[in-house]
Amino acid sequence: MGDDGSTKNPRPFRAEFWRYVGEKIEWRERERTLPLEVEIGGGVGWFAIQHARACPEIRLISLERTREKSDKGRRRLDHHPELTNLRILNADARAYFSSELEPESVSRVWILYPNPNPKNASERFFVSSFFERIQAVLAPGGEVVLATNIREYFEEACTAVERLGADWELVNKIELQGLKNHSPRSHFEKKYLERGEICYEGRFRKR
Ligand SMILES: C[S@@+](CC[C@H](N)C(=O)[O-])C[C@H]1O[C@@H](n2cnc3c(N)ncnc32)[C@H](O)[C@@H]1O
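A brief structural summary. (Residues numbered from 1 in each chain as written. Predicted model: local features only at pLDDT ≥ 70, side-chain atom pairs only at ≥ 80, totals over all residues.)

Another aspect to go through is the overall build of the protein chain. For the protein chain, the count of helices and strands is six helices and seven strands. In sequence order, the protein chain lays out its α and β elements as β-α-β-α-β-α-β-α-β-α-β-α-β. Rg of the C-alpha trace for the protein chain: 16 Å, near the compact-globule value of 17 Å for 207 residues, within the 12% margin. In terms of its C-alpha atoms, the protein chain occupies a principal-axis envelope of roughly 45 × 45 × 30 Å. Counting over 207 residues, the protein chain shows a buried share of 36%. Taking all contacts inside the protein chain whose residues are at least 6 apart in sequence as the whole, residues at least 24 apart take part in 75%. (Helix = DSSP H or I, 4+ residues; strand = E, 2+ residues; numbered from the N terminus. Rg over C-alpha atoms; globule rule 2.2 N^0.38 Å. Buried ≥ 20, exposed ≤ 12 C-beta atoms within 10 Å, placed from the backbone. Contact = placed C-beta atoms within 7 Å.)

Written as structure tokens, this is what we have:
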């Protein structure tokens, strides 16, 4: 599907047009070898802080392009000096993925409740040409986790990944509403589950 939502071949992603000019990350020696996960659109950092705390065996970069939100996330993170495996950055994921992440360096990409952008396919991560860059930085066996309350967005993502063929598989697909032992992981997930909406989660693996 093209950036305009059509079925034409998408224009290739032009990574050279995107440049990240923000803060550079220096990991400490002991974190450098941990599997790297990246969150796109981390909001105010709720998921990132919980996840980094629950999984000290990974390191996480949480990217949020709205300055006020990433600043709020960073202020929250200041209260958790022990979380040396987490960085929250004010960054557009397209720029960060293009200029900061090496090919096949990322084990998991989290996309929780992305903006739906119904009129702008170039902003929908799975059908825009940016997905090429996501694929390129993912290590073999790595995965993209998508959660959304919008069924059409979820189905569109499944179809887009199916079209990529045998190199990809949908390894898990669940509906979060009513799921036992599931606590909300982000502000948007909390809001939607409290409203009784169905939230869909898919894990797409690059073989
Ligand atoms: C609907 S909010 C969800 C926030 C959080 N993930 C949650 O579940 O509560 C989507 C967020 O994605 C951010 N965002 C959208 N496009 C982005 C991009 N290209 N790079 C980084 N962040 C982006 C928006 O600024 C917004 O904060």
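So much for the structure itself; the text now carries on.
This next bit is on the sheet that holds strand β6 (residues 168-175). Pairing within the open sheet is mixed, and its seven strands lie in the order β3-β2-β1-β4-β5-β7-β6. Of all the strands in the sheet, just β3 (86-90) and β6 have a single pairing partner and so form its edges. Strand-to-strand twist across the sheet, computed as the mean angle between neighbouring axes with direction ignored, equals 15°. (Pairing = 2+ DSSP bridges. Axes fitted to C-alpha atoms, helices over the stretch in contact; angles between N-to-C directions.)

Within the largest apolar cluster, 44 residues are counted, with the highest numbers of intra-cluster contacts made by Ile40, Leu63, Val109 and Ile111. No other element matches the five residues that strand β4 (residues 106-112) contributes to this core. Excluding anything up to four places from it in sequence, valine 109 contacts Val38, Ile40, Ile134, Leu138 and Val144. (Core = buried A, V, L, I, M, F, W, Y, C linked by C-beta atoms within 7 Å.)

Positive phi, close to 55°, is recorded for glutamate 104, a residue that is not glycine. Structurally, the position occupied by glutamate 104 is in the loop between α3 (93-99) and β4. C-beta crowding within 10 Å serves as the criterion here: with 15 such atoms nearby, glutamate 104 is assigned to the partly exposed category. Positive phi values are uncommon outside glycine, yet asparagine 117 reaches one of about 45°. Relative to the assigned elements, asparagine 117 resides in the loop between β4 and α4 (130-137). Classification of asparagine 117 as partly exposed rests on a count of 14 C-beta atoms within 10 Å.

Before going further, it helps to spend a moment on the pairing of strand β7 (residues 200-206). When strand β5 (residues 138-148) meets β7, the two strands line up antiparallel, connected through six bridges. Directly across from valine 144, in β7, lies its bridge partner phenylalanine 204. As judged from the seven bridges shared by β6 and β7, these two strands associate in the antiparallel manner. Directly across from tryptophan 168, in β7, lies its bridge partner lysine 206.

Attention shifts here to the site of the ligand. Taken together, the neighbourhood of the ligand is formed by 20 residues, with Gly41, Gly43, Ala93, Ser186 and Phe188 sitting nearest. Tallying contributions element by element places helix α6 (residues 187-194) first for the shell around the ligand, with three residues. Here the residues of the shell around the ligand are counted per class, giving seven nonpolar, seven polar and six charged. (Near = placed C-beta within 6 Å. Nonpolar A, V, L, I, M, F, W, Y, C, P; charged D, E, K, R; others polar.)

Time to look at the pairing of strand β2 (residues 59-64). Most of β2 is tucked away, with six of its six residues classed as buried. Two strands pair when backbone bridges link them, and strand β1 (residues 36-40) and β2 are joined in this way by five bridges, in the parallel orientation. Across the sheet, glutamate 39 pairs through a bridge with serine 62, a residue of β2. Taken together, β1, helix α1 (residues 46-54) and β2 constitute a β-α-β crossover, and its handedness is right-handed. Summarising the sheet, β2 and β3 pair through five bridges and their orientation is parallel. Its bridge partner being in β3, glutamate 64 is matched across the sheet by asparagine 90. (Right-handed = clockwise from strand over helix to strand, strands pointing away.)

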